[in-house]
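The primary structure of each chain is shown beneath.
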Amino acid sequence: KTIIDDNITYTPAQDEILMQGERPQADYVASANGEWVINLEEVKASKITELKSARETEELSPISYGGYLWDFDTYAQMRINGAIVALGSTNTVTWTSADNEEIKGVNADDLKGVIGSAAIRSDALHTKYRGLKELVENAETVEDVEAVVW
């Protein structure tokens, strides 16, 4: 096969693939017939990363417990754990909720309840993630992968 482009003649070697056009996107790979095709494995890896990110975002979002909304980002988790240790079994504090309400009389058991609620939510989120990840891993087409949404 001889290619003529801008007065240049080129004949590829027998084992060389001459690609048609420029690579459309990073997740495209060369096919044996010289066409750019999407790399299904890269699309799957990207979707799994997207699903992990969605799970992590929800895990760190405020959690409902005892009629209040509690911050549960990494900083809030450190504050909650520190307060559990500092409060002991009899002390209380006034806590500010995620929506800026004052919660008076918060004790260590209340804060343990927040952590327990978050653990239950986290388990549900990880169960959802594992199911969606399995769908992605078993997908046979890019369209199958793209159909998986958080």
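It should be emphasised that the depicted structure is a prediction, and the values quoted were computed from it without experimental measurement.

Right, let's talk about the pattern of salt bridges for a bit. A complete count under the given rule lists six salt bridges for this structure. For glutamate 50, the salt bridge goes to lysine 47, with nearest N and O atoms at 3.2 Å. Of this pair, glutamate 50 and lysine 47 both sit in helix α1 (residues 40–59), three residues apart, which is roughly one turn of that helix. Here lysine 133 ties to glutamate 137 by a salt bridge, and the two come within 3.6 Å at their closest N and O atoms. In this pair, lysine 133 and glutamate 137 are both assigned in helix α3 (residues 108–138), four residues apart and thus about one turn of the helix distant. Overall, the relative accessible area of 28% leaves lysine 133 in the partly exposed class. One salt-bridge network, in which partners are shared between bridges, spans Arg55, Glu56 and Glu59.

Here α3 spans 45 Å end to end across 31 residues, near enough to the 45 Å set by a 1.5 Å rise per residue. Its side-chain oxygen at 3.0 Å from the backbone nitrogen of aspartate 109, asparagine 107 defines the N-terminal cap of α3.

Okay, the environment of alanine 118 next. Tracing the sequence through the fold places alanine 118 in helix α3. In the structure, alanine 118 is positioned 58 residues away from leucine 60 in sequence and 9.0 Å away in space, judged by C-alpha atoms. Each residue touching alanine 118, except ones within four places of it in the same chain, is listed here: Ile63 and Phe72.

What counts as what
- Here the residue numbers are simple positions, counted from 1 along each chain's written sequence.
- Where local features are concerned, this predicted model is filtered to residues with pLDDT of at least 70; where side-chain atom pairs are given and counted, the filter is 80 or more; whole-chain, interface and lining totals use all residues.
- Only hydrogens and water are set aside when side-chain values are computed; all heavy atoms of the structure are taken into account.
- Criterion for a salt bridge: a side-chain nitrogen of Lys or Arg within 4 Å of a carboxyl oxygen of Asp or Glu.
- Put simply, DSSP marks the helices as runs of H or I at least four residues long and the strands as runs of E at least two long, and each gets a number from the N terminus on.
- For each residue, the accessible area found with a 1.4 Å probe, counting protein chains only, is set against the maximum for its type, and the residue is called buried under 20%, exposed over 50%, and partly exposed in between.
- For a helix, the expected span equals 1.5 Å multiplied by the number of residues minus one.
- Throughout this description, a polar contact denotes any pair of N or O atoms lying within 3.5 Å of each other; where both atoms belong to protein, one of them has to be capable of donating a hydrogen while the other can accept it, and for residues adjacent in sequence the pair is counted only when both atoms sit in side chains.
- The contact criterion used throughout is that any non-hydrogen atoms of two residues lie within 4.5 Å.

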